[in-house]
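So you can see what is in the structure, the chains are spelled out below.
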Amino acid sequence: MQVTSHVVNRFDTGVVLDVNADGLPVRAYVAISAPDPEAVTAFVPPEQFESGASLHVAAISTADEASATLEDVLFNMEADDAVAFLCADPESWLATLEQLGYDPDSDSSPLE
């Protein structure tokens, strides 16, 4: 699967990306966060909930899970949906960004 992305915004614990996965445009919120679906209200803006598009939430507890979780989530998404990845630690966060086609080293990290 061909996945590319670019930064839209940053927040205290992560980054917002516009992602294109094999022609499917989606928004991704990638945060270091506990695996609590309620946590998304801290960084996903209210407009995302009101837009009518679906918001998917996925927890990634290890870097090794990033690829399979991303593939599963993208398989179930429609164009213009959004996904919040709740990553357990910096390693899983970086692995998720890598799978989304974003290299945080090419830009300033949102966690610095």
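Residues numbered from 1 in each chain as written. Predicted model: local features only at pLDDT ≥ 70, side-chain atom pairs only at ≥ 80, totals over all residues. Heavy atoms only, no water.

Colleague: Got a minute to help me understand the nonpolar core in this structure?
Modeller: In summary, soluble globular proteins display a tendency toward joint burial of nonpolar side chains. Leu17, Ala28, Val30, Phe85 and Leu100 are the most contacted members of the largest nonpolar core, which totals 24 residues. Broken down by secondary-structure element, the contributors of at least two residues to this core are strand E2 (14–21), strand E3 (24–32), strand E4 (55–60), helix H2 (66–75), strand E5 (82–87) and helix H3 (90–99). In this structure Val30 touches Phe11, Thr13, Gly14, Val15, Leu17, Phe85, Cys87, Trp93, Thr96, Leu97 and Leu100, once residues within four positions along its chain are discounted. (Core = buried A, V, L, I, M, F, W, Y, C linked by side-chain atoms within 4.5 Å. Buried < 20%, exposed > 50% of the residue type's maximum accessible area, 1.4 Å probe, protein only. Helix = DSSP H or I, 4+ residues; strand = E, 2+ residues; numbered from the N terminus. Contact = heavy atoms within 4.5 Å.)

Colleague: I tried to follow the pairing of E3 on my own but got confused; where do I start?
Modeller: Along a regular strand, successive side chains alternate from one face of the sheet to the other. Of the pairings in the sheet, the one linking E2 to E3 comprises 8 bridges and is antiparallel in character. Across the sheet, Ala21 pairs through a bridge with Leu24, a residue of E3. Once E2 ends, the chain turns through 2 residues before running back antiparallel as E3, passing Asp22 with a positive phi of about 50°. (Pairing = 2+ DSSP bridges.)

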